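# Residue-level structural notes
Read off the chains here:
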Number of protein chains: 2
Amino acid sequence: MIMKTETKPQETCPVKITIDLISGKWKPNILYYLGEDTQRFGQLQRKIPSISRRVLTLQLKELERDYLIQRKAYLSPLKVEYSLTQEGRSLIPILISMKQWGEVYLASR
Amino acid sequence: MIMKTETKPQETCPVKITIDLISGKWKPNILYYLGEDTQRFGQLQRKIPSISRRVLTLQLKELERDYLIQRKAYLSPLKVEYSLTQEGRSLIPILISMKQWGEVYLASR
DNA sequence: CCGCATCCCGTCTGATACTG
DNA sequence: CAGTATCAGACGGGATGCGG
């Protein structure tokens, strides 16, 4: 079948790795907005109103730890900006496929 | 940016929907093997040794509930077979992209 | 052969309040 | 403005045992 290349999924299944990196509750949204443009912490907060500061912080930290986004802090004016890294950007086509698949899926139910 | 079509991610973000459907701990593996061929319960168990019967059952039920796989029970011989549905099959290209992305990601660390 | 029931535990997330 | 601290609840998943 199509999916057969040669490696079997294992403890370090690449598919699982990819999923885990983006499957935080709000990570798709965050990546989406960062895909549009660099965003400040507060901007993300306003664009995703139901997320709490605490969780937004956590998700951003994880994304940063995983090299998908970059954090830049400024002192005056006091602000922090987040943007996608190369790796993060390379993920976007996959997010788009998932978005399209999800729309079809939703439409058929 | 690329990801921009017109819909914003919301409570029912299509990306999130898609991720949720496949982000069970063993779902990628299960889908992978079902992508190769129809599999019996016991076959899946042997191919994914570290999964318990309980969890395998749960994951299969969820995948079935979500229309990604089909369950067929036979009485003699006593067995149950699982296979991908149309919807499940349509997900495979995405899984492949994620697999490839994950491999590149792993290689670069 | 296949699956359900029960118990248990770690992780993730939310609410709320406090800080450089 | 952009976090941190603490507490509490929900949930996913592991271990084990019973059952059709």
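What counts and how
- Residues numbered from 1 in each chain as written.
- Chains lettered and ligands numbered in written order.
- Predicted model: local features only at pLDDT ≥ 70, side-chain atom pairs only at ≥ 80, totals over all residues.
- Heavy atoms only, no water.
- Axes fitted to C-alpha atoms, helices over the stretch in contact; angles between N-to-C directions.
- Helix = DSSP H or I, 4+ residues; strand = E, 2+ residues; numbered from the N terminus.
- Parallel < 35°, antiparallel > 145°, perpendicular 65-115°, else oblique.
- Contact = heavy atoms within 4.5 Å.
- Nonpolar A, V, L, I, M, F, W, Y, C, P; charged D, E, K, R; others polar.
- Pairing = 2+ DSSP bridges.
- Near = heavy atom within 4 Å.
- Polar contact = N/O pair within 3.5 Å; in protein donor to acceptor, adjacent residues only side chain to side chain.
- Phe/Tyr/Trp six-rings, centres within 6.5 Å; stacked < 30°, edge-to-face > 60°.
- Buried < 20%, exposed > 50% of the residue type's maximum accessible area, 1.4 Å probe, protein only.
- Lys NZ or Arg CZ within 6 Å of the ring centre and 35° of its normal.

### Thoughts on the packing of helix α1 (residues 14-22) of chain A against helix α2 (residues 27-36) of chain A
All names here are of chain A.
- In the contact formed by α1 and α2, the axes pass within 8 Å of each other and the chain directions differ by 80 degrees. In this view, α1 runs roughly perpendicular relative to α2, as classed from their interaxial angle. For the pair formed by α1 and α2, the contact residues are Asp20, Leu21 and Ile22 on the first element and Lys27, Pro28 and Leu31 on the second.
- Looking at the contact of α1 with α2 residue by residue, the classes come out as 4 nonpolar, no polar and 2 charged.

### A word on the sheet that holds strand β1 (residues 39-40) of chain A
Residue and element names in this part refer to chain A.
- Taken together, 3 strands build an open sheet; the order of strands is β1-β3-β2 and the sheet is antiparallel. Looking along the sheet, the strands with just one partner apiece sit at the ends: β1 and β2 (69-74).
- Here β2 runs beside strand β3 (residues 79-84); their pairing, made up of 6 bridges, is antiparallel. Counted as the bridge partner of Ala73 is Val80 from β3.

### Structural notes on the environment of Leu63 of chain A
Residues and elements named next belong to chain A.
- Counting through the fold element by element, Leu63 comes out in helix α4 (residues 53-65).
- Considering only alpha carbons, one finds Leu63 and Ile30, 33 residues apart in sequence, at a separation of 9.4 Å.
- Beyond its immediate stretch of four places on either side in the chain, Leu63 contacts Leu21, Lys27, Ile30, Leu31, Leu68 and Ile69.

### A few points about the sheet that holds strand β3 (residues 79-84) of chain B
Residue and element names in this part refer to chain B.
- Taken in spatial order, the 3 strands of this open sheet run β1-β3-β2, and their pairing is antiparallel. Whereas interior strands pair on both sides, the edge strands pair on one side only; in this sheet they are β1 (39-40) and β2 (69-74).
- Against the sheet, helix α2 (residues 27-36) makes contact with β1, β2 and β3, and its axis sits at roughly 90 degrees relative to β3, the strand it touches most.

### Describing the protein's contact with DNA strand D
- What surrounds DNA strand D is a group of 19 residues, the closest being Arg53, Arg71 and Tyr82 of chain A together with Lys25 and Arg54 of chain B.
- One of the backbone N or O atoms of Val80 of chain A is found 3.1 Å from a phosphate oxygen in DNA strand D.
- The separation between a phosphate oxygen of DNA strand D and a polar side-chain atom of Tyr82 of chain A is 2.7 Å.
- Elements with a minimum of two residues in the surface near DNA strand D: α3 (41-47), α4 and β3 of chain A together with α4 (53-65) of chain B.
- Broken down by class, the residue content of the surface near DNA strand D amounts to 6 nonpolar, 4 polar and 9 charged.

### Here's the deal with the protein's contact with DNA strand C
- Taken together, 19 residues sit near DNA strand C, with Arg54 of chain A together with Phe41, Arg53, Thr57 and Arg71 of chain B positioned nearest.
- Taking all atoms of DNA strand C within 4 Å of the protein, the share assigned to sugar and phosphate is 63%.
- Separating a phosphate oxygen of DNA strand C from a backbone N or O atom of Gly42 of chain B is a distance of 2.9 Å.
- The separation between a base oxygen of DNA strand C and a polar side-chain atom of Arg53 of chain B is 2.6 Å.
- Secondary-structure elements contributing two or more residues to the surface near DNA strand C are α4 of chain A together with α3 (41-47), α4 and β3 of chain B.
- Across the surface near DNA strand C, the residue classes tally to 7 nonpolar, 3 polar and 9 charged.

### Considerations on the packing of aromatic side chains
- Applying the stated criterion to the full structure yields 4 aromatic pairs over all chains.
- Seen in terms of ring centroids, Trp101 of chain B and Tyr105 of chain B are 5.1 Å apart; in terms of plane orientation they differ by 15 degrees. Their pairing is stacked. One end of the pair, Trp101 of chain B, and the other, Tyr105 of chain B, are both in helix α6 (residues 92-107), 4 residues apart, so they sit about a helical turn from each other.
- Classification of Tyr105 of chain B as buried rests on a relative accessible area of 7%.
- Note that Lys79 of chain A overlies the ring of Tyr74 of chain A, its terminal NZ or CZ placed 5.0 Å from the centroid.
- One residue, Arg109 of chain B, lies across the ring of Tyr105 of chain B, its end atom 5.3 Å from the ring centre.

The analysis is restricted to geometry; functional conclusions fall outside its scope.
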